[in-house]
Amino acid sequence: MAGAAPRVRYLAGFCCPLGGLAAGKPRVLCHEAEVFLSTGSELVYVYDQEGGLLTAAFRFPDQVWHLELLAPRRLLYALCARRGLYCLSLDHPGRSRSTSQDDRDSEDGDQPSPVIPVDPDACILPDAALCAFTLLDSVLVTLVQGPARWKMQLFEQPCPGEDPRPGGQIGEVELSSYTPPAGVPGKPAAPHFLPVLCSVSPSGSRVPHDLLGGSGGFTLEDALFGLLFGADATLLQSPVVLCGLPDGQLCCVILKALVTSRSAPGDPNALVKILHHLEEPVIFIGALKTEPQAAEAAENFLPDEDVHCDCLVAFGHHGRMLAIKASWDESGKLVPELREYCLPGPVLCAACGGGGRVYHSTPSDLCVVDLSRGSTPLGPEQPEEGPGGLPPMLCPASLNICSVVSLSASPRTHEGGTKLLALSAKGRLMTCSLDLDSEMPGPARMTTESAGQKIKELLSGIGNISESTTWSRLQTQDVLMATCVLENSSSFSLDQGWTLCIQVLTSSCALDLDSACSAITYTIPVDQLGPGARREVTLPLGPGENGGLDLPVTVSCTLFYSLREVVGGALAPSDSEDPFLDECPSDVLPEQEGVCLPLSRHTVDMLQCLRFPGLAPPHTRAPSPLGPTRDPVATFLETCREPGSQPAGPASLRAEYLPPSVASIKVSAELLRAALKDGHSGVPLCCATLQWLLAENAAVDVVRARALSSIQGVAPDGANVHLIVREVAMTDLCPAGPIQAVEIQVESSSLADICRAHHAVVGRMQTMVTEQATQGSSAPDLRVQYLRQIHANHETLLREVQTLRDRLCTEDEASSCATAQRLLQVYRQLRHPSLILL
């Protein structure tokens, strides 16, 4: 993959808002020489690649959220926001006119002629709550945003030549519940992340490939299809609809089972199967060939041939990628192999290409990963080769193209490469031809690409250090400060053209899926940083304008080198007309041609932000934390209360009358000793564990000096958080006798703070277990039946959580109080597991 060198050709430019196109709504479809494009506005364009002409522009009554093409019938379907589903015939006589290149380049609001207003009669399914759809030959599948649940509906598709309006509804099922975004009463608010629908068919299905889901469907090999969707879908030879939801769920519905359920009613929830949960908004679902021999053959298929994919992939918005394929285990049994990968994010769009490759775009780069590496032949006749499957890790290769918001991958080109069709955030349509199998010949003169590669090699000696965070008092408010140190360990100086970019991303955008993801980016020019020199930058992490500190906070450091500023005219013009390297949005990196080098990514969580006023000596005791900025009315009322009376604020009432919430996690004492043996010899295990948990806290030296095994701290919002580490014995797990363990318990009157602290503890445990798993240690013999019972109990609690959450969406205020109390009790049980990390 090192030889991945794109040849980029600029096709056309389209009008876009001042801040650029937002990801999620733009769409690019390609059929033969025609390109169908939506920028997320009310316009849909048709572009002819052979003639280089914009042949038509259709104006819809509102924003277009999704496009699908039913190529054999020459029908283009468009989902119009808050309006419904529209269907356009591409043989409309109004498309005979065309425009010239000069007309296309206008940057003002006047769109090139001809702009064809879409007739209201073209709306074949009016529905203001419609958020997604996909097509099959005889079925239209839609996803509707209900008051508290997503609803999937099936409609009959008319025969070719008939009115394109769908027939009667033939099926309906409700999916997962969700929290609807705030909007105007009576008018549903647009979700920030749209759900994703696509259709899947088994290889034995008689549905032609070009009719399967229009442009949004694919065919899976029988082995993977049966493992994912079960015997019912395989025996019925039924297409399946995959649905990726904004809450991260990836679920499926067997269409024929949904249709027959109307005549034989049963449990509607049994029709919906949850395949996986990405825990972040699903923005893409696709499939591809990964087996080496099959992938090579798939790259040479004809456009009208059916391709049977052997791997299903899904992308989350924050960079989490799921891959599923059928593999042979060590006993020769066919099993589904599922792997999650963490790739750079946020992901704007993605596409599956030939050769087992998947492409995904971020604000700073377009990357490609290879899923075919690590695969072995799919068959039990060679068990000595071990289980075939997916690579254990993926290394994204950069294509040096940034801010692509919509992507489409075409089959293998005549020259033996892959062709991508991309739309950038600035409204530029371009093609990118890739030859990932051979090294590209180097140019005689230095181009942007070769200069960038050379600079990346020189940057290997530059490092970044993220210090432990500290609290400082600015005026009347405590502020959490972070210190970042840039160290030049190379043998050359960093002079003009270097910029350090530090991005601070709070967890609010990750917790509130319907809110726009925002970040603060600091740009610091780096001048005259010689070999061995260091540059220190201190910046605030919070609290924010609302007075709160959303944890965890992610701090990302990137070094940017401006080629345009330093080299200027010395760079030779590249073959691609180079329209991309100036497209980094201004809120991420300077808007100049250059090279980006990610230095570090550091997460600041609750354990790093706790303060311990009681640990300071009396003569140097730090002032008590101020917490968020107080309401002046509350401050006045507190000054008026009688001496000796208790404050009546919500936090005080909660601390006085409600029992503290508790969360715990148990870890094998043997596992902890192995992980903490370096640097903690001679220290009691409980004390060493607490020191390890608070290693990035400013008070860790005092904790170490006093050999503490429990400590009470103060969260950023002023609530108390109590950490207790103690040794326990697990008597029911192992038949050979009790297992010595360490229990880490977190107590707090604030449910939000205990969640943040528990999340921080679990994160450290996950890292430790992953590191120790590579040492080859084995777990003791366990009572399997006891573990199964614990697992069944947890599954019961999780189902009760789902039921209670659904009930809260429909009950009135009086009834919801008891439901909320029971939900809190169940959450407390889930945070007290009877399991142990071994």
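Everything numeric here is computed off the predicted structure, so don't read it as measured data.

A.B. asks: Describe the overall build of the protein chain, and please don't skip the residues or the numbers.
C.D. replies: Looking only at helices and strands, the protein chain has 16 helices and 43 strands in total. A total of 838 residues make up the protein chain; the buried ones form 49% of that total. In the protein chain, of all internal contacts separated by at least 6 residues, the share reaching a separation of at least 24 is 64%. Surface summary for the protein chain: the accessible area is close to 39,100 Å², and the carbon and sulfur share equals 53%.

A.B. asks: I'd like a rundown of the sheet that holds strand β40 (residues 661-668), residues and numbers included.
C.D. replies: The strands that make up a sheet are held in pairs by hydrogen bonds between backbone atoms, and each pair lies either parallel or antiparallel. The sheet built from 4 strands is open, its strands ordered β40-β43-β42-β41 with antiparallel pairing. What marks the edges here is a single partner per strand, and that holds for β40 and β41 (710-714). This sheet shows a mean twist of 20 degrees between the axes of neighbouring strands, independent of strand direction. Across 8 bridges, β40 lies against strand β43 (residues 739-748) in antiparallel orientation. Bridged to Ile665 within β43 is Ile744.

A.B. asks: Give me the lowdown on the sheet that holds strand β14 (residues 169-177), citing residues and values where you can.
C.D. replies: Taken together, 4 strands build an open sheet; the order of strands is β11-β12-β13-β14 and the sheet is antiparallel. Because the sheet does not close on itself, it has two edges, and the strands there are β11 (130-135) and β14. Direction aside, the axes of adjacent strands within the sheet are offset by 20 degrees on average. With 5 bridges connecting them, β11 and strand β12 (residues 139-145) associate as antiparallel partners. Residue Leu130 lies in a different strand from β12, and its bridge partner there is Val144.

A.B. asks: Any chance you could break down unusual backbone geometry for me, citing the residues and the numbers?
C.D. replies: Residue Pro346 follows Gly345 across a cis peptide bond; omega there is 0 degrees. Checked against the element boundaries, Pro346 lands in the loop between β24 (334-342) and β25 (349-352). With a phi angle near 55 degrees, Glu32 is a residue other than glycine that sits in the positive phi range. With respect to the helices and strands, the residue Glu32 is situated in the loop between β2 (27-31) and β3 (34-38). For Glu32, a relative accessible area of 69% translates into the label exposed.

A.B. asks: Quick rundown of helix α16 (residues 813-830)? Include the residues and the values.
C.D. replies: The end-to-end C-alpha distance of α16, which contains 18 residues, comes to 25 Å, matching closely the 26 Å that a straight helix rising 1.5 Å per residue would cover. If you check which residues of α16 are buried, you get Ser816, Thr819, Leu823, Val826 and Leu830. Across the axial projection of α16, the buried residues extend over an arc of 75 degrees, all falling on one side. In α16, the exposed positions angled more than 90 degrees off the buried face are occupied by Ala814 and Ala818. Packing partners of the buried residues in α16 comprise α15 (784-808).

A.B. asks: If you had to explain the packing of aromatic side chains to someone new, which residues and values would you point to?
C.D. replies: Evaluated as defined, the whole model comprises 4 aromatic pairs. With a centroid separation of 4.6 Å and 50 degrees between ring planes, the pair formed by Phe14 and Tyr45 is classed as tilted. Within this pair, whereas Phe14 is found in the loop between β1 (7-13) and β2, its partner Tyr45 is found in strand β4 (residues 43-48), the two being separated by 31 residues in sequence. In this structure, Phe14 and Tyr45 share a single accessibility class: buried.

A.B. asks: Can you break down the side chain of Ser238 residue by residue, with the values?
C.D. replies: Along the chain, Ser238 turns up in the loop between α2 (222-236) and β17 (240-244). From its side chain, Ser238 meets the backbone nitrogen of Lys256 in a polar contact 3.0 Å long. Dropping the residues within four chain positions of it, Ser238 is found in contact with Pro202, Phe225, Ala233, Ile254, Leu255 and Lys256.

A.B. asks: Kindly report on the nonpolar core, identifying the contributing residues and their values.
C.D. replies: One recurring pattern in soluble globular proteins: nonpolar side chains tend to sit buried together. With 61 residues, the main nonpolar core has Leu500, Ile502, Leu541 and Ile711 as its most contacted residues. The element contributing the most residues to this core is helix α14 (residues 751-773), with 6 residues. By size, the runner-up hydrophobic cluster in this structure holds 40 residues, among which are Leu79, Cys131, Ala132 and Cys251.

A.B. asks: Which residues make up the packing of α15 against α16, and what are the values?
C.D. replies: Two quantities define a packed helix pair, namely the angle between the axes and the distance from one axis to the other. At a closest axis distance of 10 Å, the pairing of α15 and α16 adopts a crossing angle of 155 degrees. The angle between α15 and α16 places the two elements in the roughly antiparallel class. As α15 runs across α16, the sense of the crossing is left-handed. Facing α15, whose interface residues are His794, Leu797, Leu798, Glu800, Val801, Leu804, Arg805, Arg807 and Leu808, α16 presents Ser816, Thr819, Ala820, Arg822, Leu823, Val826, Tyr827, Gln829 and Leu830. For the contact of α15 with α16, the residue count by class is 10 nonpolar, 4 polar and 4 charged.

A.B. asks: Mind laying out helix α12 (residues 685-693), listing which residues take part and the relevant values?
C.D. replies: Among the 9 residues of α12, 8 are classified as buried, and the element is accordingly described as predominantly covered. Along α12, the positions that sit buried rather than exposed are Leu685, Cys686, Cys687, Ala688, Thr689, Leu690, Gln691 and Leu693.

A.B. asks: Which residues make up the pairing of strand β38 (residues 553-562), and what values do they have?
C.D. replies: Buried residues dominate β38, accounting for 10 of its 10 residues. Side chains Val553, Val555, Cys557, Leu559 and Tyr561 of β38 all project onto a buried face; the interleaved residues Thr554, Ser556, Thr558, Phe560 and Ser562 project onto the opposite face, where all are buried too. Sheet analysis places strand β35 (residues 498-505) next to β38, joined by 8 bridges and oriented antiparallel. Bridge pairing in β38 links Leu505 to Thr554. Pairing of β38 with strand β39 (residues 594-604), which is carried by 10 bridges, proceeds in the antiparallel orientation. Paired with Phe560 across the strands is Cys596, a residue of β39.

A.B. asks: Which residues make up the pattern of salt bridges, and what values do they have?
C.D. replies: The full count for this structure, using the stated rule, is 18 salt bridges. Of the charged contacts, one joins Glu743 and Lys666 as a salt bridge, the two residues approaching to 3.6 Å between their closest N and O atoms. Placement of the pair is Glu743 in strand β43 and Lys666 in strand β40, with a sequence separation of 77 residues. Residues Glu743 and Lys666 agree in their burial class; the two are buried. One network of salt bridges, with partners in common, ties together Arg149, Glu174 and Asp806.

A.B. asks: Tell me about the environment of Gly614, and name the residues and values.
C.D. replies: By the secondary structure assignment, Gly614 is in the loop between α8 (606-609) and α9 (632-640). Since its relative accessible area comes to 53%, Gly614 is described here as exposed.

A.B. asks: Any details on the environment of Arg73? Residues and values, ideally.
C.D. replies: With respect to the element layout, Arg73 can be found in the loop between β6 (64-70) and β7 (75-80). We classify Arg73 as buried; its relative accessible area is 18%. Once the C-alpha coordinates of Arg73 and Gly161 are considered, the two residues, 88 residues apart in sequence, prove to be 8.3 Å apart. Setting aside residues no more than four positions away along its own chain, Arg73 makes contact with Asp137, Pro158, Cys159 and Pro160.

A.B. asks: I'd like a rundown of the environment of Leu348, residues and numbers included.
C.D. replies: When you line up the elements, Leu348 lands in the loop between β24 and β25. By relative accessible area, Leu348 is classed as buried at 17%. Remark: the alpha-carbon pair of Leu348 and His318, spanning 30 residues in sequence, is separated by 9.2 Å. Non-local contacts of Leu348, meaning those with residues more than four positions away in its chain, are made with Ala23, Gly24, Ser361, Thr362, Pro363, Ser403, Val404 and Val405.

A.B. asks: Outline the confidence of the model for the protein chain, listing residues and values.
C.D. replies: For the protein chain, the average pLDDT comes to 76, and 71% of its residues sit at 70 or higher. Ranking the elements of the protein chain by mean pLDDT puts helix α1 (residues 101-104) last with 40 and strand β22 (residues 311-316) first with 95. The low-confidence segment residues 93-112 (pLDDT under 50) makes 43 contacts with residues lying over four places distant or belonging to another chain. Segment residues 208-214: pLDDT under 50, and 26 contacts once partners within four positions in sequence are set aside and those in other chains are kept.

Parameters at a glance
- Residues numbered from 1 in each chain as written.
- Predicted model: local features only at pLDDT ≥ 70, side-chain atom pairs only at ≥ 80, totals over all residues.
- Heavy atoms only, no water.
- Helix = DSSP H or I, 4+ residues; strand = E, 2+ residues; numbered from the N terminus.
- Buried < 20%, exposed > 50% of the residue type's maximum accessible area, 1.4 Å probe, protein only.
- Contact = heavy atoms within 4.5 Å.
- Areas by Shrake-Rupley, 256 points an atom, 1.4 Å probe, with all protein chains shown as cover.
- Pairing = 2+ DSSP bridges.
- Axes fitted to C-alpha atoms, helices over the stretch in contact; angles between N-to-C directions.
- Expected span 1.5 Å × (residues − 1).
- Arc of directions from axis to C-beta.
- Phe/Tyr/Trp six-rings, centres within 6.5 Å; stacked < 30°, edge-to-face > 60°.
- Polar contact = N/O pair within 3.5 Å; in protein donor to acceptor, adjacent residues only side chain to side chain.
- Core = buried A, V, L, I, M, F, W, Y, C linked by side-chain atoms within 4.5 Å.
- Parallel < 35°, antiparallel > 145°, perpendicular 65-115°, else oblique.
- Left-handed = near helix turned anticlockwise from the far one by under 90°.
- Nonpolar A, V, L, I, M, F, W, Y, C, P; charged D, E, K, R; others polar.
- Salt bridge = Lys/Arg side-chain N within 4 Å of Asp/Glu carboxyl O.
- pLDDT = per-residue confidence, 0-100.

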